[in-house]
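# Chain and residue survey
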Amino acid sequence: RDFDALFLGLGTYAYVDGKLPGQDLPGVHWALPFLIGNVRRVLGRSDAEVPDLAGKHVVVLGGGDTGMDCVRTSIRLGAASVTCAYRRDEADMPGSRREVQNARDEGVAFLFNRQPVAIVGAGQAQAVRVVETRPGPPDARGRRAPEAIPGSEQDLPADAVIMAFGFRPSPPAWLAELGVELHPDGRVVADGTRFATANPKVFAGGDMVRGADLVVTAVYEGREAAKGILRELGLDRPPA
């Protein structure tokens, strides 16, 4: 009502919940609070809450960039061993290839084609139960979904487990009231040039448009959206 244009950069902060039995056990940590707590520790803040991983065996579930942040942070926190378990093969990992190699160089072990099915423990996480997978039939996008191999269950010993399955948009209800269109998964529909939405006064970019991605990508899209806003308002030309 009071402005000529609005830019939305609300990110993706809804956890992908694996709904694993035992995920509420002590020793199981969610990726984002874990990483934020470590940043606060590095900054010397008094409100830093970071699990003590010194000498512990850590299993990180998830193969994206957040997972790579978690495995390398765990190494820096003194973990005795760090293992990344991912349900597909290495070629299908969404994480940066450079980050994967950096993690390997720091001593992180990778287990591919392993689908977590439960966190095991009595009063404390003690292992992650996984099942081996193989590529199944391709889905609508041509990507082959992993399917479990019967009888292949095994337990990965773990003193600490970090859940890094990724994040999804959590669009506020007022977007619909403004006529902003959404994809079925909650991402905002915006064109890739001006980053304009279905509402001519509302622009959007970053993770809430493309899905969870890198900070530098979101920064770039914010700058491009600013240019689109200037063009839309006729402010991209020097005064006569």
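Here is a short report on the structure shown in this document. (Residues numbered from 1 in each chain as written. Predicted model: local features only at pLDDT ≥ 70, side-chain atom pairs only at ≥ 80, totals over all residues. Heavy atoms only, no water.)

Spatial ordering of the open sheet is given by E3-E11-E4-E5-E6, a layout of 5 strands whose pairing is parallel. Every interior strand has two partners, whereas the edge strands, strand E3 (28-30) and strand E6 (109-111), have only one. Direction aside, the axes of adjacent strands within the sheet are offset by 25° on average. Examined bridge by bridge, strand E5 (residues 81-85) and E6 share 3 bridges and lie parallel to one another. Within E6, the residue paired with Cys84 across the bridge is Phe110. Sheet strands in contact with helix H1 (residues 31-42) are E3 and strand E11 (160-163), and its direction is about 80° off that of E3. (Pairing = 2+ DSSP bridges. Helix = DSSP H or I, 4+ residues; strand = E, 2+ residues; numbered from the N terminus. Axes fitted to C-alpha atoms, helices over the stretch in contact; angles between N-to-C directions. Contact = heavy atoms within 4.5 Å.)

Running from amino to carboxyl end, H1 crosses helix H2 (residues 65-76) at an angle of 50°, the nearest separation of the two axes being 10 Å. By the angle class used here, H1 and H2 are oblique. Judged by the sense of rotation from one axis to the other, the crossing of H1 with H2 is left-handed. For the pair formed by H1 and H2, the contact residues are Ala31, Phe34, Leu35 and Asn38 on the first element and Thr66, Asp69, Cys70, Thr73 and Ser74 on the second. (Parallel < 35°, antiparallel > 145°, perpendicular 65-115°, else oblique. Left-handed = near helix turned anticlockwise from the far one by under 90°.)

Here we take up the layout of surface pockets. Estimates place the volume of the largest pocket at around 1,700 Å³. What lines the largest pocket is a set of 49 residues, among which Gly64, Thr66, Gly166, Phe167 and Ala212 lie closest to the centre. Mapped by element, the contributors of at least two residues to the lining of the largest pocket are H1, H2, helix H3 (97-105), strand E7 (114-120), strand E12 (167-168), helix H5 (207-210) and helix H6 (215-232). Grouping the amino acids of the lining of the largest pocket by side-chain chemistry returns 20 nonpolar, 13 polar and 16 charged. The volume enclosed by the second largest pocket comes to roughly 180 Å³. As for the second largest pocket, its lining consists of Arg1, Asp2, Phe3, Ala5, Leu6, Leu178, Asn199, Lys201 and Val202. (1 Å grid on protein atoms, 1.4 Å probe; cavity = no way out; pocket = protein on both sides within 12 Å on 5 of 7 lines; lining within 4 Å. Points joined across faces, edges and corners; volume = space filled by probe spheres on them. Nonpolar A, V, L, I, M, F, W, Y, C, P; charged D, E, K, R; others polar.)

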